[in-house]
Amino acid sequence: MTQSISVVQLQAVALFADLSPTLLAQLAQHSRLTPYASNEVVFCEGDDLPTCLHVLLSGRLHIGKIAASGKETILRILPAGEIFAAPALFGDGKAPATATAIESAAVLTIEKPALLEGISQSPELALHLLGVLNQRLQQLHNRVHGLVSERALVRLVNYLEYMVNQVGCEPVAGGEQLKARLTYYQIARSIGITYEECVRLFKQLSPVVTYRRGGIITIGDRQQLSTLKHL
């Protein structure tokens, strides 16, 4: 069930933080907030998407594709604050992958005409949006390059470093613990290796990185983790 959104909630989104209260109020009139429960599907690959800007306001989303063989590839674990479903605005309007809530989540949608009106009044909004999309393309390029040319161990270390920057860590005995839980399956499907190889690689990373049941990952030393790429 969709809900209305307030100016304060919109202002909390980095993309809109610098907009005037008047413009935020206009955007809010054409915005909706949709809550999703854990494991609930936001949309499936190939679905027709509403012509809106999509922003994950809270929670995390699993973005994945299923190959003809039935094998799933996890494209991203999307953190709160991220824009997604770009083809709804700039492409063919079809969902490029399946998005599923990993935990309770809320998705903000803003109708395209209202967004264009906002851009006409505040052109820096368009520059910010283009910057976000350019960053996404660069990340995709780096990932594809890594999958083709990097060893599996390097891909795993790069992925762990990426997740540290995305979700952050909290101090625990013996190092820092990732705030997000990541299972062997999620990691394997994200970096293009098998479940079994993922388990084996984590053993190679020990004791710098430890994995506990339930996807709890502790990094003993970030600098030492980075050096493991040269083993």
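This text follows the structure it describes.
In what follows, the accompanying structure is described. (Residues numbered from 1 in each chain as written. Predicted model: local features only at pLDDT ≥ 70, side-chain atom pairs only at ≥ 80, totals over all residues. Heavy atoms only, no water.)

**Looking at the sheet that holds strand β11 (residues 209-212)**
Inference 1: An order of β9-β10-β12-β11 is seen for the 4 strands of this open sheet, with the pairing classed as antiparallel. Two strands close off the open sheet at either side, each with one partner strand: β9 (169-172) and β11. If you compare each strand with its neighbour and ignore which way they point, the axes differ by 30 degrees on average.
Inference 2: Examined bridge by bridge, β9 and strand β10 (residues 175-178) share 4 bridges and lie antiparallel to one another. Note on β10: the bridge partner recorded for Cys-169 is Leu-178.
Inference 3: Sheet strands touched by helix α6 (residues 152-167): β9, β10, β11 and β12 (216-219). Its angle to β10, the strand with the most contacts, is close to 80 degrees. (Pairing = 2+ DSSP bridges. Helix = DSSP H or I, 4+ residues; strand = E, 2+ residues; numbered from the N terminus. Axes fitted to C-alpha atoms, helices over the stretch in contact; angles between N-to-C directions. Contact = heavy atoms within 4.5 Å.)

**Looking at the side chain of Thr-100**
Inference 1: With respect to the element layout, Thr-100 can be found in strand β7 (residues 98-101).
Inference 2: On the accessibility criterion, Thr-100 (17% relative accessible area) is buried. (Buried < 20%, exposed > 50% of the residue type's maximum accessible area, 1.4 Å probe, protein only.)

**Details of the pattern of salt bridges**
Inference 1: A complete count under the given rule lists 7 salt bridges for this structure.
Inference 2: Its salt-bridge partner being Glu-45, residue Lys-65 comes within 2.8 Å of it at the nearest N-O pair. In this pair, Lys-65 sits in strand β4 (residues 61-66) while Glu-45 sits in the loop between β2 (41-43) and β3 (52-58), placing the two residues 20 residues apart along the sequence.
Inference 3: Lys-229 is paired through a salt bridge with Glu-161; the nearest N and O atoms lie 3.2 Å apart. Of this pair, Lys-229 sits in the segment after α9 (222-227) while Glu-161 sits in helix α6, and the two are 68 residues apart along the sequence.
Inference 4: Note on Glu-161: relative accessible area 22%, which makes it partly exposed. (Salt bridge = Lys/Arg side-chain N within 4 Å of Asp/Glu carboxyl O.)

**Some remarks on the sheet that holds β4**
Inference 1: Strand order in the open sheet formed by 4 strands is β2-β7-β4-β5, and the pairing between neighbours is antiparallel. If you trace the sheet from one side to the other, it starts and ends with β2 and β5 (72-78), each paired once. Here the average twist between neighbouring strands, direction ignored, is 30 degrees.
Inference 2: In this structure, β4 lies alongside β7, joined through 4 bridges in antiparallel fashion. Pairing of Ile-63 across the sheet is with Ala-99, part of β7.

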